[in-house]
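# Coordinate analysis (summary)
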Amino acid sequence: MKKHHKIKLALATATTSLLGASANVHAEQSADIGEWDVDSAILYYSEPDRVSAIEPVISAKKQLDTDEFISLRLVVDVLTGASANGAVQAKTPQTFTRPSGKGSFITPPGETPLDDTFQDTRVALSASWDMPITRRDRLILGGNISKEYDYTSIGASSVYTHDLVGRNTTLSAGLAVASDTIEPEGGIPIPFGVMQPAGQEQPRGSSSESKTTFDILLGATQIINKNSLIQFNYSYSQADGYLTDPFKVISVVDPITGAPIIEDSATNLSQVVYENRPDSRTKHSIFTQYKHFLSGDVFDISYRYMFDDWEINSHTVDFRYRWKTSDTAFWRPHLRYYQQSEAEFYQPYYVTGEAPAAGDSTSFATADYRLGEMTTYTVGLEYGHGYKDHGWSLAVEYYLQQPTEPSNKIGDLADLELSPDVDALMVRFNYDF
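Since the model is a prediction, treat every value here as computed from it, not as a measurement.

Cut-off values and rules
Residues numbered from 1 in each chain as written. Predicted model: local features only at pLDDT ≥ 70, side-chain atom pairs only at ≥ 80, totals over all residues. Heavy atoms only, no water. Helix = DSSP H or I, 4+ residues; strand = E, 2+ residues; numbered from the N terminus. Buried < 20%, exposed > 50% of the residue type's maximum accessible area, 1.4 Å probe, protein only. Contact = heavy atoms within 4.5 Å. Lys, Arg positive; Asp, Glu negative; His and termini not counted. Charge placed at Lys NZ, Arg CZ, Asp CG, Glu CD. Patch = residues over 30% accessible without salt bridge, like charges linked within 9 Å, V, L, I, M, F, W, Y side chains within 5 Å. Areas by Shrake-Rupley, 256 points an atom, 1.4 Å probe, with all protein chains shown as cover. Salt bridge = Lys/Arg side-chain N within 4 Å of Asp/Glu carboxyl O. pLDDT = per-residue confidence, 0-100. Pairing = 2+ DSSP bridges. Polar contact = N/O pair within 3.5 Å; in protein donor to acceptor, adjacent residues only side chain to side chain. Phe/Tyr/Trp six-rings, centres within 6.5 Å; stacked < 30°, edge-to-face > 60°.

### A few points about the overall build of the protein
Tallying secondary structure elements over the protein gives one helix and 23 strands in all. Projected onto the principal axes, the alpha-carbon positions of the protein cover approximately 75 × 40 × 35 Å. A buried classification covers 46% of the 433 residues belonging to the protein. Across the protein, the fraction of contacts at a sequence separation of at least 24, relative to all contacts at a separation of at least 6, is 63%. Taken as two groups, the 35 positive and 57 negative side-chain charges of the protein have centres that lie 11 Å from each other.

See the structure below:
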């Protein structure tokens, strides 16, 4: 029963990841009271010819009492490479002004416009306190702060869990709030403002904007028998404030040829306008997970359905199988399928005369493929080795993102791939001690 309770607790507290909390209770506690149990990892992520990231992570958990823990977690993200700015491909070279307004870059014919000066470093620190309230009740309190060059986020969260009589069922409720501030280089673009040549005054408004996010989570974990359990979660998320990406633009093209309109002939600057998204977003998510113990192996499958008031809905199926090859070693294959619809204001490009007037904050549009219709696949394999007081694992995963091409492309655009596939390689090494 005690082991079953720990497994339920591990799953219940794992739901805090939906709320941005860092609490993590292990199914099997190995550290003695007063000692620190330290986990470390490093992730390498690479998209060919695009963004690369290196992310070291270190987390530490200390057992304060028989059933009370504190946890700390430090994450550092270092990102470099090129990032798509939202403009369409063209059969001729295109010039774009960089976000700072001080420089420009040229995209060759038939290639997706990418700003190759993209780089950033994010440092995030989080902490949680996991404590018993009564014999069948627990409370987890968490806080986090992250800082990068132009973005700051501060948040707090709490998760309450209650075991019903018999401790075969655990109910959980979580709450989280976050406050974010963005200060992009060059300032906040005016909605649908037209990009100007480098060195000239750009269509900018304020120097910074902010947003707040409020999350609620309700969940239940049920032990089915001694070898299996199932979990159900419902989550609600409300974001308000500045939800636009200040670095994304939308191309303006000729209604007949589909060729980009030239804004400035001296520099061959293509005409693009800055996007604008609604200042609120409400998301609902339904999640279920099933785990089964098979003579040392663990079968793990989950499904999530998400829908929001931007008319995006998505389906995620995630499968893992932990195959124990010896008392100290295991293999774990991983398969993930994700599919989403496009936002109601997704606009891959404008034709001349269609774009709203500069400063129109009541109209919404984005050409960001991440808000378009897409299907993604992840395939991975992990190998791990564990000992009494330490262990390690190495995972390699391949990720493929397949955005859906816009329909009814006009002129030259019909011969170009406006939403090319994006693939990535991920390598993760974990060491626990």
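### A few points about a nonpolar patch on the surface
There is a patch of nonpolar side chains on the surface, built from I42, Y44, I54, V78, Y387, W392, L394, V396, L425, F429, Y431 and F433 and spanning about 1,000 Å² of accessible area. Listed by contribution, the elements that provide at least two residues to the nonpolar patch are strand 1 (36-46), strand 22 (391-403) and strand 23 (422-432).

### Brief notes about the confidence of the model for the protein
Of the residues in the protein, 93% have a pLDDT of 70 or more, and the chain-wide mean is 91. Per-residue pLDDT stays below 50 along residues 1-30; that stretch engages in 71 contacts with residues further than four places along the chain or on separate chains.

### Some remarks on the sheet that holds strand 15 (residues 272-274)
Read from one edge of the open sheet, three strands run 15-12-20, paired in mixed fashion. Each end of this open sheet is capped by a strand with a single partner; those strands are strand 15 and strand 20 (350-351). Across three bridges, the pairing between strand 12 (residues 249-253) and strand 15 is antiparallel. Counterpart to S251 in the pairing with strand 15 is V272.

### Considerations on the side chain of E397
Inspection of the secondary structure assignment puts E397 in strand 22. Although E397 is buried, it makes no salt bridge; R320 carries the closest opposite charge, 4.9 Å away. Here the side chain of E397 touches H334 through a polar contact of 2.4 Å, side chain to side chain. In contact with E397, other than residues within four places in its own chain, are H334, T378, V379, G380, A424, L425 and M426.

### Some thoughts on the pattern of salt bridges
Applying the stated rule across the entire model yields 22 salt bridges. When the shortest N-O distance is used, the salt bridge between R428 and E382 registers 3.5 Å. Here the residue R428 occupies a position in strand 23, and E382 occupies one in strand 21 (residues 374-386), the gap between them amounting to 46 residues. Here K409 ties to E405 by a salt bridge, and the two come within 2.6 Å at their closest N and O atoms. Residue class for E405 comes out partly exposed when judged on its relative accessible area of 28%.

### Description of the pairing of strand 4 (residues 94-97)
What you see with strand 4 is no split at all: Q94 and F96 on one side and T95 and T97 on the other are buried throughout. Where strand 4 meets strand 5 (residues 104-107), four bridges bridge the pair, whose relative direction is antiparallel. Residue pairing for strand 5: T95 is matched across the bridge by I106. A loop of six residues connects strand 4 with strand 5, the two strands running antiparallel in sequence, and G101 in this loop sits at a positive phi of about 85°.

### Side note on unusual backbone geometry
Although it is not a glycine, F192 sits at a positive phi angle of roughly 65°. Mapped onto the secondary structure, F192 falls in the loop between strand 9 (169-182) and strand 10 (209-225). Residue classification places F192 among the buried positions, given a relative accessible area of 1%.

### Focus: the side chain of T366
By the secondary structure assignment, T366 is in the loop between strand 20 and strand 21. Apart from residues lying up to four places away in sequence, T366 is in contact with I250, E275, R277, F345, Y346, Q347 and L371.

### What to know about the packing of aromatic side chains
The description of two aromatic rings rests on the distance between their centres and on the angle between their planes. For the structure on display, the rule yields 10 aromatic pairs. When the ring of Y290 is compared with that of F299, the centres are 6.3 Å apart and the planes differ by 65°; the resulting orientation is edge-to-face. Taken together, a centroid distance of 4.7 Å and an interplanar angle of 50° make the contact between W331 and Y383 tilted. Here W331, found in strand 19 (residues 329-340), pairs with Y383, found in strand 21; they are 52 residues apart in sequence, far enough to count as distant. What makes W331 partly exposed here is its relative accessible area of 32%. By way of ring pairs, the aromatic residues W331, Y383, W392 and F429 are connected into one cluster.

### Details of the pairing of strand 7 (residues 137-147)
Look at any regular strand and the pattern is simple: side chains alternate between the two faces of the sheet. The pairing of strand 6 (residues 114-132) with strand 7 spans 10 bridges and is classified as antiparallel. By the bridge assignment, W129 is partnered in strand 7 with L141. What sits between the antiparallel neighbours strand 6 and strand 7 is a turn of four residues. Taken together, the 11 bridges between strand 7 and strand 8 (residues 151-163) define a ladder with antiparallel strand orientation. Bridge pairing links K147 to T152 in strand 8.

### A closer look at the environment of D215
Mapped onto the secondary structure, D215 falls in strand 10. Assessed through its relative accessible area of 13%, D215 is described here as buried. Distance from D215 to K283, taken between C-alpha atoms, is 9.3 Å for residues 68 residues apart in sequence. A distance of 2.6 Å separates the side chain of D215 from the side chain of S237, its partner in a polar contact.

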